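Chain by chain, the residues run as shown.
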Amino acid sequence: LVMWFLNKRPHTVLAVANNIVTSKTVFKKNSMALIILEFPGNIIAKITANGVATHEHFHEIKVFTDKQTINNTLNGSYTFRKNNTFKNKFSYPDKSNRKKLIQNFIDHIKSKKTKLIMSKNDQFDLMSVCLAAEKSIKMNRKVKIKYI
């Protein structure tokens, strides 16, 4: 979402994670991760992945600039500018198909007749960032993202 929002690809990632909540369950993945992405133009994005949140699955985004702040939360999406606040009317790209993205990508690999929901380049860029974040967690340091 942040890559779509900024229309940029990050060049480095620093990530940490734990499995405190999930360690004694059958789900052996991390229960919490913090990911910091560095983009061109000295833009920094912080992403938290809370695998055991009790609320509905949601991606909260906050963007801070020198002229405005955009907050997209469970309670709504708002832009703040000095003494002016207004409700945003934009929505995420292709929200209705987001759960189908991985299956659609696999179906396209099996049969080129299947039309992609998300471009191959965007899919590979996303996988490159995710793999670099996993590498950062394992190495416990910032990692340069190598795009496929």
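Not measured: the values here are computed from a predicted model. (Residues numbered from 1 in each chain as written. Predicted model: local features only at pLDDT ≥ 70, side-chain atom pairs only at ≥ 80, totals over all residues. Heavy atoms only, no water.)

**Q** Can you tell me about the pattern of salt bridges, naming the residues and giving the values?
**A** As enumerated under the stated definition, the model contains three salt bridges in all. Between K142 and E38 there is a salt bridge, and its shortest N-O distance comes to 3.2 Å. Taken together, the residues span a long stretch of sequence, with K142 in the loop between helix 3 (120-139) and strand 8 (143-144) and E38 in strand 2 (residues 32-39) at a distance of 104 residues. With relative accessibility at 43%, the residue K142 sits in the partly exposed group. The shortest N-O distance in the salt bridge between K67 and D66 comes to 4.0 Å. Both residues of the pair, K67 and D66, count as exposed. (Salt bridge = Lys/Arg side-chain N within 4 Å of Asp/Glu carboxyl O. Helix = DSSP H or I, 4+ residues; strand = E, 2+ residues; numbered from the N terminus. Buried < 20%, exposed > 50% of the residue type's maximum accessible area, 1.4 Å probe, protein only.)

**Q** How would you explain a positive patch on the surface if you had to name every residue and give the values?
**A** Together, K135, R141, K144 and K146 line one region of the surface with positive charge. Residue placement: R141 occurs in the loop between helix 3 and strand 8. A relative accessible area of 43% means that R141 is categorised as partly exposed. (Patch = residues over 30% accessible without salt bridge, like charges linked within 9 Å, V, L, I, M, F, W, Y side chains within 5 Å. Areas by Shrake-Rupley, 256 points an atom, 1.4 Å probe, with all protein chains shown as cover. Lys, Arg positive; Asp, Glu negative; His and termini not counted. Charge placed at Lys NZ, Arg CZ, Asp CG, Glu CD.)

**Q** How would you explain a nonpolar patch on the surface if you had to name every residue and give the values?
**A** A cluster of nonpolar side chains, contributed by I20, V21 and V52, occupies part of the molecular surface with about 280 Å² of accessible area. Residue class for V52 comes out partly exposed when judged on its relative accessible area of 38%.

**Q** Lay out the pairing of strand 6 (residues 76-81) in plain terms, naming residues and giving numbers.
**A** The pairing of strand 5 (residues 69-73) with strand 6 spans five bridges and is classified as antiparallel. Opposite N72, over in strand 6, you have S77 as the bridge partner. Between strand 5 and strand 6, which pair antiparallel and follow one another directly, the connecting turn spans two residues. Note that strand 6 and strand 7 (residues 84-87) share four bridges and pair antiparallel. Each bridged residue has a counterpart across the sheet, and for T79 the counterpart in strand 7 is F86. Hairpin geometry of strand 6 and strand 7 is characterised by an intervening segment of two residues between the two adjacent antiparallel strands and by a positive phi of about 40° at K82. (Pairing = 2+ DSSP bridges.)

**Q** Account for helix 3, naming residues and giving values.
**A** Residue pairs spaced three or four apart in an α-helix point in one direction, given the helix's 3.6 residues per turn. A rise of 1.5 Å per residue sets the reference length of helix 3, with its 20 residues, at 28 Å; its end C-alpha atoms lie 28 Å apart and thus fit the reference within 8%. When we look at burial in helix 3, the residues that qualify are Q123, D125, S128, V129, A132, A133 and S136. On the buried face of helix 3, the contacting elements are helix 1 (2-6), strand 1 (12-18), strand 2, helix 2 (101-110) and strand 8. One or two residues past the end of helix 3 sits N140, with phi positive at roughly 55°. (Expected span 1.5 Å × (residues − 1). Contact = heavy atoms within 4.5 Å.)

**Q** Describe the environment of H11, naming the residues involved and giving the relevant values.
**A** Tracing the backbone through its elements, the reader meets H11 in the loop between helix 1 and strand 1. The exposure class of H11 is partly exposed, given its relative accessible area of 34%. Excluding residues that lie within four positions of it along the chain, H11 makes contacts with E38, F39, P40, V143, K144 and I145.

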